[in-house]
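Remarks on the overall topology
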Amino acid sequence: MSESNTTTPPATLASANGLGYGPIKPLAVRLNESTRTQLDIIAQLNDRTVTDEVRLAIEAWIDKTKADPAIQRRAKDVRDEIEREAAGKRDAIAAIFDSSPAPRTPRAKAATT
């Protein structure tokens, strides 16, 4: 029940290109024998490849993670920090190259938790 590394086209539309994926980058994952055996059987029962089963599972996990309020808060914090850094760099470039200083961008104080 192993997959070959040949470049033959997928047998079903449920494979990588059939699901609308763009360029594909390989990812090696090490599994214990029991988990791999279960994955092989699940793929066989679903008439899919192990790769497709893994891809679908990862997509489901990503969707679940993106809906997590804690992750959403963390993403907002990271975005805010990126914006603060970008504003500082814009101000520095303006100070060097602009004849008149750029208007100061408001910078939020870091939240204390």
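Everything numeric here is computed off the predicted structure, so don't read it as measured data.

With that settled, the discussion passes to the packing of helix α1 (residues 33–45) against helix α2 (residues 50–66). Two numbers describe how α1 lies on α2: the axes approach to 8 Å, and their chain directions differ by 100°. When the axes of α1 and α2 are compared, the pair comes out roughly perpendicular. On α2, the residues touching Arg36, Leu39, Asp40, Ile42 and Ala43 of α1 are Val50, Glu53 and Val54. Per-class residue counts for the contact of α1 with α2 are 5 nonpolar, no polar and 3 charged.

A word on unusual backbone geometry. Positive phi, close to 55°, is recorded for aspartate 47, a residue that is not glycine. Position of aspartate 47 relative to the elements: it lies in the loop between α1 and α2. Look at aspartate 47 and you get exposed, because its relative accessible area is 63%.

What follows concerns the confidence of the model for the protein. Confidence along the protein averages 83 in pLDDT terms, with 69% of residues attaining 70 or more. Across residues 4–15, confidence stays below pLDDT 50; counting only partners more than four residues off in sequence or on other chains, it has 8 contacts.

We now examine the pattern of salt bridges. A full pass over the atoms with the stated rule returns 5 salt bridges. Residue lysine 76 is joined to aspartate 80 by a salt bridge in which the shortest nitrogen-to-oxygen separation is 2.7 Å. Taken together, the residues span about one helical turn, with lysine 76 and aspartate 80 both in helix α3 (residues 69–97) at a distance of 4 residues. Take lysine 76: its relative accessible area is 45%, and that puts it in the partly exposed class. Here arginine 84 makes a salt bridge to glutamate 81, at a shortest N to O gap of 2.8 Å. In this pair, arginine 84 and glutamate 81 both sit in helix α3, 3 residues apart, roughly one turn of the helix. Assessed through its relative accessible area of 25%, arginine 84 is described here as partly exposed. A relative accessible area of 34% places glutamate 81 in the partly exposed class.

Scoring rules and cut-offs
- Residues numbered from 1 in each chain as written.
- Predicted model: local features only at pLDDT ≥ 70, side-chain atom pairs only at ≥ 80, totals over all residues.
- Heavy atoms only, no water.
- Axes fitted to C-alpha atoms, helices over the stretch in contact; angles between N-to-C directions.
- Helix = DSSP H or I, 4+ residues; strand = E, 2+ residues; numbered from the N terminus.
- Parallel < 35°, antiparallel > 145°, perpendicular 65-115°, else oblique.
- Contact = heavy atoms within 4.5 Å.
- Nonpolar A, V, L, I, M, F, W, Y, C, P; charged D, E, K, R; others polar.
- Buried < 20%, exposed > 50% of the residue type's maximum accessible area, 1.4 Å probe, protein only.
- pLDDT = per-residue confidence, 0-100.
- Salt bridge = Lys/Arg side-chain N within 4 Å of Asp/Glu carboxyl O.

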